[in-house]
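Understanding the architecture of this molecule
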Amino acid sequence: QVQLVESGGGLVQAGGSLRLSCAASGSIFSINAMGWYRQAPGKQRELVAGISRGGSTNYADSVKGRFTISRDNAKNTVFLQMNSLKPEDTAVYYCNAKWGLLDYWGQGTQVTVSS
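Small disclaimer: the values here were computed from a predicted structure and weren't measured. (Residues numbered from 1 in each chain as written. Predicted model: local features only at pLDDT ≥ 70, side-chain atom pairs only at ≥ 80, totals over all residues. Heavy atoms only, no water.)

1. Structural notes on the overall build of the protein
- A count of helical and extended segments in the protein gives zero helices and 11 strands.
- Ordering the α and β elements of the protein from the N terminus gives β-β-β-β-β-β-β-β-β-β-β.
- Scaling as 2.2 N^0.38, a compact globule of 115 residues should have a C-alpha radius of gyration of about 13 Å, and the protein matches this with 13 Å.
- Across its three principal directions, the C-alpha atoms of the protein cover 40 × 25 × 20 Å.
- In the protein, which comprises 115 residues, the share counted as buried stands at 40%.
- Across the protein, every contact between residues at least 6 apart in sequence was considered, and the portion connecting residues at least 24 apart equals 53%. (Helix = DSSP H or I, 4+ residues; strand = E, 2+ residues; numbered from the N terminus. Rg over C-alpha atoms; globule rule 2.2 N^0.38 Å. Buried < 20%, exposed > 50% of the residue type's maximum accessible area, 1.4 Å probe, protein only. Contact = heavy atoms within 4.5 Å.)

What follows is the structure, encoded as structure tokens:
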């Protein structure tokens with residue numbers, strides 16, 4: 001089992017920055033990939049950024065050049081640095097871990113970007 005705890009959400013003005021953190025615990029050595037998803041009001045949950053076991057990253061087109069996913073292997077933590085935030089980035093952001101055939105999810109952290 002994997003436990004994920006997110007932090008770093010909050011309220012920020014357009015153009016500002018936030019850094020989200022996701023700390024993983026449990027059977028972390030079986031995780032194949034981790035990522036950040038978000039769900040905005042009235043919309044489906046979407047992948048924002050992902051990072052594989054080998055360190056490869058991918059991003060949604062809407063956040064390329066603004067968001068950066070990274071990890072600290074020693075601390076079993078992944079980060080999402082969000083710059084140049086836009087109101088359309090407003091959503092609940094969820095940390096995800098792919099563990100075998102299963103997906104594990106964090107509780108979510110609210111990000112609100114005001115214009």
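2. Looking at the side chain of N96
- Relative to the assigned elements, N96 resides in strand β9 (residues 91-99).
- Taking relative accessible area as the criterion, N96 reaches 1% and is therefore assigned buried.
- Side chain to side chain, N96 and D103 meet in a polar contact 3.4 Å long. (Polar contact = N/O pair within 3.5 Å; in protein donor to acceptor, adjacent residues only side chain to side chain.)

3. Description of the sheet that holds strand β3 (residues 18-26)
- In space, the four strands of this open sheet follow the order β1-β3-β8-β7, with antiparallel pairing throughout. For this open sheet the edge positions go to β1 (2-7) and β7 (67-72), each flanked by a neighbour on one side alone. Across the sheet, the mean angle from the axis of one strand to that of its neighbour is 20°, orientation sign disregarded.
- Bridge count for β7 against strand β8 (residues 77-82) is six bridges, and the pairing is antiparallel. Within β8, the residue paired with F67 across the bridge is M82. (Pairing = 2+ DSSP bridges. Axes fitted to C-alpha atoms, helices over the stretch in contact; angles between N-to-C directions.)

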